[in-house]
Amino acid sequence: MAFPSIEDHETQYCFPAINSSCIKGKRSRHEHNNMYVFFSLLSASTVFLNLLVIISISHFKKLHTPTNLIILSLAVADLLIGLIIMPVDAINLIETCWYFGDTYCGLFVITLGLLLSTSLCNLVLIAVDRYVAVCHPLQYPQKITTTKTLISICVSWCCCSLYNISFVISNGYFNTSHRPDLCYGRCIVLITPAWRFTDLTLSFLLPCIVIISVYLKIFYVAQQQVKVLNSLKAGKFVMEVSVRRKSESKAAMTLGIIVAVYLLCGIPFYICSLTESTAISSTTMTFLTWTLYVNSGLNPLIYAFFYRWFKMSVKHILTLKIFQPASSLTDIFTDGHS
């Protein structure tokens, strides 16, 4: 029988040479290694799946539609969460210490806030895009163009960047002198009461209200359109319109599922993150945070389940057919949403 050594019971510090160092949590070697393997696989799969989405939409010309450009923007944000946020936060969780310094703590919070808020902005853009497509189909080509969509995406990324930089600077992440009670080796999200209300409104309530309201309108209008088409006599024009309406409704339903999954993962996180830290256990907050991270890897799986274009493009990518001449012009899709 192996007996624990005396060193196992000694208090360990994140930075033994620094007097204000935080105490390091203890994990068994088995738990330590298993966690590294699990989070490494989770991060790698998130990056790989979203990279497939990015390559698919970027490579194939026929997928360069306004809706798919927003999906591309969402995939970029999800990929960066898997590439940057997951590994750094996993190390912090496993080692129970923040080894990257105070400056990178502020940069990490900026990056995390930027990617999460940008994802939510992309979902708002998707909701608006589907609203115009379903409720105003004849005006869609004029109202929603590729140029307008690209501008909207760039504006949303810039606004989210400025907002999160202001948030981090105002809450003093780059200046720890006013937080003498905080030991060295922690990166904790601290929010002043004024910013708590502002962040609740801008980063959670307003986008959610817009998304939910728009989708309720979309599904109501879609049902009314189906009733009208069913009441008309069968004809070639009616059949073409019916097929087009079904395609748009299917796209709205699929993207609606993506929005619903995000809200289910995000709502508990945002509610808990805006409450007092003493009211929520660290384990609960960690679980909710990683639930939101995992959502970044779920979107490509939803595309694979509902979108024929994603299945076909992934097949071309994995079989290396995208390296064939003029492969970007290959006509393998019935339309952008099917």
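Residues numbered from 1 in each chain as written. Predicted model: local features only at pLDDT ≥ 70, side-chain atom pairs only at ≥ 80, totals over all residues. Heavy atoms only, no water.

**Some words on the state of the cysteines**
In a disulfide, the sulfur atoms of two cysteines are covalently bonded to one another. The criterion, for reference: Two cysteine sulfurs form what is called a disulfide whenever their separation falls within 2.5 Å.
If you walk through the whole model with that rule in mind, you get 2 disulfides. Its sulfur unpaired, Cys 121 is 3.5 Å from the next cysteine sulfur, which belongs to Cys 160.

**What about the nonpolar core?**
Definition in use: Residue types Ala, Val, Leu, Ile, Met, Phe, Trp, Tyr and Cys, when buried and joined through side-chain atoms within 4.5 Å, form a set referred to as a nonpolar core. Only protein chains enter the calculation, and the probe is 1.4 Å; a residue is then buried if its accessible area is under 20% of its type maximum, exposed if over 50%, and partly exposed in between. Labels follow the DSSP assignment, with helices taken as runs of H or I lasting at least four residues and strands as runs of E lasting at least two, numbered in each case from the N terminus.
Residues Leu 123, Tyr 293, Tyr 303 and Phe 310 are the most contacted members of the largest nonpolar core, which totals 78 residues. Elements represented by at least two residues in this core include exactly α1 (29–59), α2 (66–95), α3 (101–135), α5 (146–170), α6 (193–231), α7 (236–273), α8 (282–306) and α9 (308–318). Element by element, the count of residues in this core is highest for α3, at 15 residues.

**Describing α8**
Formally: What a helix should span is 1.5 Å times the count of its residues minus one. We define the bend at any residue as the angle between the axes fitted to the seven residues before and including it, ending there, and the seven starting there.
Compared with an ideal rise of 1.5 Å per residue, which puts 25 residues at 36 Å, α8 spans 36 Å between its outermost C-alpha atoms and is within 8% of the ideal. If you look at α8, its biggest bend is around 35 degrees, right at Gly 297, and the proline Pro 300 turns up within four residues after that.

**What about the pattern of salt bridges?**
Going by this rule: Whenever Lys or Arg places a side-chain nitrogen within 4 Å of a carboxyl oxygen from Asp or Glu, that contact is recorded as a salt bridge.
Counted by the stated rule, this structure contains 3 salt bridges. Across the pair Glu 31 and Arg 27 runs a salt bridge, and its minimum N-O distance is 3.2 Å.

**What to know about unusual backbone geometry**
Backbone geometry follows two general trends: most residues other than glycine have a negative phi, and most peptide bonds adopt the trans configuration. Look at Thr 96: it is not a glycine, yet its phi comes out positive at around 60 degrees. Note on placement: Thr 96 falls in the loop between α2 and α3.

**Brief notes about a nonpolar patch on the surface**
To keep it simple, the criterion reads: Patch rule: a residue counts if its relative accessible area is over 30% and it has no salt bridge; like charges are joined within 9 Å, and nonpolar side chains (Val, Leu, Ile, Met, Phe, Trp, Tyr) within 5 Å. Note on areas: Shrake-Rupley with a 1.4 Å probe; residue coverage comes only from the protein chains shown.
A cluster of nonpolar residues, Val 294, Leu 298 and Leu 301, forms a patch on the protein surface that exposes about 210 Å² of accessible area. Tracing the backbone through its elements, the reader meets Val 294 in helix α8.

**Let's talk about the packing of aromatic side chains**
For the record, the criterion: Classification of ring pairs uses Phe, Tyr and Trp, with its six-membered ring standing for Trp, and accepts pairs whose centres are within 6.5 Å; under 30 degrees between planes counts as stacked, over 60 as edge-to-face, and the remaining range as tilted.
This model, assessed by the stated rule, comprises 11 aromatic pairs. Centroid distance Phe 15 to Tyr 99: 5.5 Å. Interplanar angle 70 degrees. Geometry classified as edge-to-face. Note that Phe 15 is positioned in the segment before α1 and Tyr 99 in the loop between α2 and α3, a separation of 84 residues in sequence. Residues Tyr 215 and Phe 219 carry aromatic rings whose centres are separated by 5.8 Å and whose planes lie at 40 degrees to one another, so their mutual orientation is tilted. Residue Tyr 215 and its partner Phe 219 are located together in helix α6, separated by 4 residues, close to a single helical turn. Look at Tyr 215 and you get buried, because its relative accessible area is 6%. Here the aromatic residues Phe 38, Phe 39, Trp 290 and Tyr 293 are joined through ring pairs into a cluster of three or more.

**A closer look at the environment of Cys 135**
To be explicit about the condition: By definition in these notes, contact holds between two residues if any of their heavy atoms fall within 4.5 Å.
For Cys 135, the location among the structural elements is in helix α3. Between the C-alpha atoms of Cys 135 and Val 221, which are 86 residues apart in sequence, the distance is 6.3 Å. Every residue in contact with Cys 135, bar those within four places of it in the chain, is listed here: Lys 217, Ile 218 and Val 221.

**Regarding the packing of α2 against α5**
Where we set the bar: Comment: axis = line fitted to C-alpha atoms, over the contacting stretch for helices; angle = value between 0 and 180 degrees taken between N-to-C directions. Oblique is the label for any angle not covered by the other classes, which are roughly parallel (under 35 degrees), roughly antiparallel (over 145) and roughly perpendicular (65 to 115). Handedness of each helix crossing follows the sense of rotation of the near helix against the far helix: counterclockwise by less than a right angle gives left-handed, clockwise gives right-handed. Amino acids are sorted into nonpolar (Ala, Val, Leu, Ile, Met, Phe, Trp, Tyr, Cys and Pro), charged (Asp, Glu, Lys and Arg) and polar (every other residue, Gly among them).
Look at α2 against α5: their axes get within 8 Å of each other, and the N-to-C directions meet at 25 degrees. The angle between α2 and α5 places the two elements in the roughly parallel class. The chirality of how α2 crosses α5 is right-handed. Together, Pro 66, Leu 69, Ile 70, Ser 73, Val 76, Ala 77 and Leu 80 of α2 and Thr 146, Thr 149, Leu 150, Ile 153 and Trp 157 of α5 make up the contact between the two elements. Considered class by class, the residues forming the contact of α2 with α5 number 9 nonpolar, 3 polar and no charged.

**Examining the packing of α3 against α5**
Running from amino to carboxyl end, α3 crosses α5 at an angle of 145 degrees, the nearest separation of the two axes being 8 Å. In this structure, α3 crosses over α5, and the sense of that crossing is right-handed. The residues of α5 that touch α3, namely those facing Gly 106, Val 109, Ile 110, Gly 113, Leu 114, Leu 115, Ser 117, Thr 118, Cys 121, Asn 122 and Leu 125, are Ser 152, Ile 153, Ser 156, Trp 157, Cys 160, Ser 161, Asn 164, Ile 165, Phe 167 and Val 168. When its residues are assigned to classes, the contact of α3 with α5 shows 12 nonpolar, 9 polar and no charged.

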